[in-house]
Structure formats: structure tokens, C-alpha cells
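Geometric and topological summary
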Amino acid sequence: MSLRRLLVIAAALTLLIGFWSAGWFYAADQARKRMAAWMEAQQAAGNIVTYDMLEISGFPFHVVVAINGPAYGTPTYRWQGISLSLAFQPWNLHRFGFRTAGAHRLDVATGNKIETVHLTMEQVTGTGSLDMAGNMSAFESESRTLSVAVEQGPVYGFNNLRIEGRVPINPIPKPDGTSLELAFAADQIALPADQAIL
């Protein structure tokens with residue numbers, strides 16, 4: 001191969017790498033801006049979104065958003081976890097993979113009191129889809145082991161818990177305001193000793 005051809009190939013590769021790098025940094029910047037816009041919209045709606053630290057990495061093939069200490073709250077419930085990782089492909093920021101593990105806390109308002117639920121997960125992985133407004137439209141997840149403990153109450157255990165959820169495109173109005181469809185399956189469900197069946 002001639003020197004000229006080698007130089008042409010090297011220049012083409014350099015140009016390609018340059019375009020790809022610029023595209024990745026643009027996608028990473030868009031991911032950060034969309035998350036900031038979503039947080040502002042949630043806060044404007046009266047919800048609470050906080051985290052301890054947020055980092056973006058994954059170059060060159062993914063945009064990975066790593067969040068430490070994520071928390072999300074509405075007037076009726078509040079969730080807090082240890083960590084959450086979201087992974088996007090640079091050319092598609094409307095679909096992502098996610099991963100989390102460890103201890104999670106869920107506080108739910110029931111009447112005049114708060115019920116606290118502790119969730120302990122070995123590992124949860126899944127995928128999700130966002131609509132054009134940046135809201136969750138569908139997701140699916142799988143957890144190898146999950147322990148659910150109501151504070152000062154019973155403990156439930158699940159192996160290979162699989163959950164799928166989606167927001168109907170044209171939801172039919174219902175009296176109870178249902179807006180999310182869920183399906184789940186699990187193996188080896190462990191119930192408290194005083195509960196023989198669900």
C-alpha cells in the first residue's frame with residue numbers, strides 16, 4: 001500500500017473519530033440538559049427531586065448517567081435509593097438501560113400517618129422508554145432477589161422478580177385515575193409465617 005493511500009486512510013479515520021467524539025459530547029450535553037429540564041418540571045409540579053452527585057461517562061459507545069443518593073418525592077410518597085445508573089446510546093436518548101442495587105426506602109402517606117417500606121435488592125436491571133416530553137412511557141425490569149419489609153411489620157421475599165409497566169397511549173379515563181398498567185412475575189415468593197396465601 002502506498003504512502004499516499006495510508007495518509008488518506010489515516011485522515012479519514014481521524015475525521016471519523018472527530019465527528020464521533022463531537023456527537024458523543026453533544027449527546028452527553030443533551031442528556032444533562034434534558035435531566036435538568038425534567039427536574040425543573042417536576043419541581044414546578046410540586047414534586048421533589050434530589051441527588052448527592054451526578055456524573056456522565058461512557059465514551060465512546062454509551063452515555064452513562066451515574067446518580068448517587070437519588071430521591072424522588074410527591075405529596076403521597078417519597079423514594080430514596082443509594083445509586084442509580086442510566087445508560088443511553090448516543091444516537092437514541094429516548095430509550096435507556098438502568099441498573100440499581102442495595103437498600104431503598106419508600107415512605108407512603110396513608111391517611112394521617114406515614115408507612116415506611118424498606119426494599120433490599122441484590123441487583124436490578126432493566127430498560128425504559130421516554131416519550132417526546134421526557135416522561136416514562138414504558139419499562140421492564142428484573143431483580144435477582146428482592147426483600148420487602150414494612151417497618152415494624154412483615155417481610156416478603158422474591159426471587160427473579162420481573163416487572164413490566166407502560167403508560168397507555170390513549171388511556172381511557174377511569175374513576176380511580178389509573179394511568180399505568182403493570183404486570184409482574186416472580187419465583188420462590190417467601191411470605192411471613194402467618195400468611196399462607198396472598
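Everything below is about the structure printed above this text.
Quick summary incoming for the structure in this document.

Definitions and limits used
Residues numbered from 1 in each chain as written. Predicted model: local features only at pLDDT ≥ 70, side-chain atom pairs only at ≥ 80, totals over all residues. Heavy atoms only, no water. Phe/Tyr/Trp six-rings, centres within 6.5 Å; stacked < 30°, edge-to-face > 60°. Helix = DSSP H or I, 4+ residues; strand = E, 2+ residues; numbered from the N terminus. Buried < 20%, exposed > 50% of the residue type's maximum accessible area, 1.4 Å probe, protein only. Core = buried A, V, L, I, M, F, W, Y, C linked by side-chain atoms within 4.5 Å. Contact = heavy atoms within 4.5 Å. Salt bridge = Lys/Arg side-chain N within 4 Å of Asp/Glu carboxyl O.

Our next topic: the packing of aromatic side chains. One pass over the full model with this rule turns up nine aromatic pairs. Among the aromatic side chains, those forming a connected cluster through ring pairs are Trp20, Phe61 and Trp91.

For Ala37, the position within the fold is in helix α1 (residues 3-44). When its relative accessible area of 44% is taken as the criterion, Ala37 is described as partly exposed. Counting along the chain gives 97 residues from Ala37 to Gly134, while the straight-line C-alpha distance between them is 9.0 Å.

We now examine unusual backbone geometry. At the junction of Phe59 and Pro60, the peptide bond is cis and its omega measures out at 15 degrees in the coordinates. Relative to the helices and strands, Pro60 is located in the loop between β2 (53-57) and β3 (63-68). The backbone phi angle of Asn160 is positive, close to 50 degrees, even though this residue is not glycine. Among the structural elements, Asn160 can be located in strand β10 (residues 155-166). Asn160 gets classed as partly exposed once you look at its relative accessible area, which sits at 30%. With a phi angle near 50 degrees, Gln188 is a residue other than glycine that sits in the positive phi range. Structurally, Gln188 is set in strand β11 (residues 181-190). We classify Gln188 as exposed; its relative accessible area is 64%.

Let us now look at the nonpolar core. Within the largest apolar cluster, 24 residues are counted, with the highest numbers of intra-cluster contacts made by Val63, Val65, Phe88, Leu146 and Val148. Among the secondary structure elements, those contributing two or more residues to this core are α1, β2, β3, β6 (83-89), β7 (92-110), β8 (113-130), β9 (136-150) and β10. If you tally residues by element for this core, the top one is α1, at five residues. Once residues within four sequence positions are removed from consideration, Val65 is found in contact with Met35, Leu54, Glu55, Ile56, Leu84, Ser85, Leu86 and Phe88.

Okay, the pattern of salt bridges next. In total, this model carries five salt bridges according to the counting rule given. In this structure, Glu115 and Lys113 form a salt bridge, with 3.3 Å as the shortest nitrogen-oxygen distance. On the accessibility criterion, Glu115 (27% relative accessible area) is partly exposed. Residue Arg144 is joined to Glu122 by a salt bridge in which the shortest nitrogen-to-oxygen separation is 3.4 Å. Of this pair, Arg144 sits in strand β9 while Glu122 is found in strand β8, placing the two residues 22 residues apart along the sequence. Judged by its relative accessible area of 48%, Arg144 falls in the partly exposed class.

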